[in-house]
Amino acid sequence: MKIVSWNVNSVKARLEHLVKYLRENAPDVILLQELKCQDEAFPYMEIEELGYNIAIYGQKSYNGVAILSKHRIEDVYKELDVSESRYIEAVTNGVRVASVYVPNGQEVGADKFKYKMSFFKNLHTHLKSLLQYDEKIVIGGDYNVAPCDIDVYDPQALRGTVCFHPEEQYWFRTIENSGYVDSFRVIHPEKQVFSWWDYRAGAYQGNKGMRIDHIFLSPEAADVLQDAGIDAITRGWDKPSDHAPAWVEIA
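Residues numbered from 1 in each chain as written. Predicted model: local features only at pLDDT ≥ 70, side-chain atom pairs only at ≥ 80, totals over all residues. Heavy atoms only, no water.

## What about the overall build of the protein?
Then comes step 1: Within the protein, the secondary structure is distributed over seven helices and 14 strands.
Then comes step 2: Since a compact globule built from 251 residues should have a radius of gyration of about 18 Å, the 17 Å found for the protein is in line with a globular shape.
Then comes step 3: Burial status across the protein gives 57% buried among its 251 residues.
Then comes step 4: Excluding contacts between residues fewer than 6 apart, the proportion of contacts in the protein whose partners are at least 24 apart in sequence is 66%. (Helix = DSSP H or I, 4+ residues; strand = E, 2+ residues; numbered from the N terminus. Rg over C-alpha atoms; globule rule 2.2 N^0.38 Å. Buried < 20%, exposed > 50% of the residue type's maximum accessible area, 1.4 Å probe, protein only. Contact = heavy atoms within 4.5 Å.)

## Overview of helix α3 (residues 111-130)
Then comes step 1: Helix length check: α3 (20 residues) gives 29 Å between terminal C-alpha atoms against 28 Å at 1.5 Å per residue, within 8%.
Then comes step 2: All of the buried residues in α3 are F113, K116, M117, F119, F120, L123, H124, H126, L127 and L130.
Then comes step 3: Residues of α3 that are buried in the fold lie against β5 (73-77), β6 (87-92), β7 (95-101), β8 (137-142) and α5 (166-177). (Expected span 1.5 Å × (residues − 1).)

## Some details on the sheet that holds β5
Then comes step 1: Judged by pairing direction, the sheet is mixed, and its six strands sit side by side in the order β5-β6-β7-β8-β12-β9 without closing on themselves. Every interior strand has two partners, whereas the edge strands, β5 and β9 (181-182), have only one.
Then comes step 2: Across the sheet, α3 is in contact with β5, β6, β7 and β8; its angle to β6 comes to roughly 15 degrees.
Then comes step 3: Each of β9 and β12 (213-217) is contacted by α5, which is oriented at about 25 degrees to β12, the strand it contacts most. (Pairing = 2+ DSSP bridges. Axes fitted to C-alpha atoms, helices over the stretch in contact; angles between N-to-C directions.)

Given below as structure tokens:
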């Protein structure tokens, strides 16, 4: 079972890329973030033609998350943050999956950074509560935090800035310490691969990126983890999302 997480940075603008990716890779489940559209504006027809069921939590112009699955989608949950469309969870093919879009935070100390910390706190509380069910749980998303020095291109220059700040990293560790594992690091403990590159200053061409897109696994899912990776090639496509898809394969 292959599960992908991808911040598409506008599903309308990146529909051609999404369709291309689904056709070429055929994941069982894809978790999308930053749709930037309301539910009724989602391109249902194009996605359903590829054999996917859809659960969406949209929002006009901003945010928005979705779950696309080749299997039936059940027990949809959207209530983590009712003020913005940043979390959707469901059960599909015997696995509980969720798509998460953590706020960027704008700048350290700003109100949006405080909101980011509050969102992380609520996310941790909810994810911890899910562990009581002893299920295979896969939580993919744009977490907007690079957890370690290896996850950024210049740790000295970036340390203490948004997405590479100790307060953000604290919450990443807290989720791990509650029982979840960072799937990419389980498979690639010392490999440097990024999932996001700024649009400016040739960041992708110079590989000046950060690994801020992650897939957390519950112990039951981690036990059957077979592979994990990041498809950085999509960042080189014409007019791409600034994020690349992260993925896992579980038995």
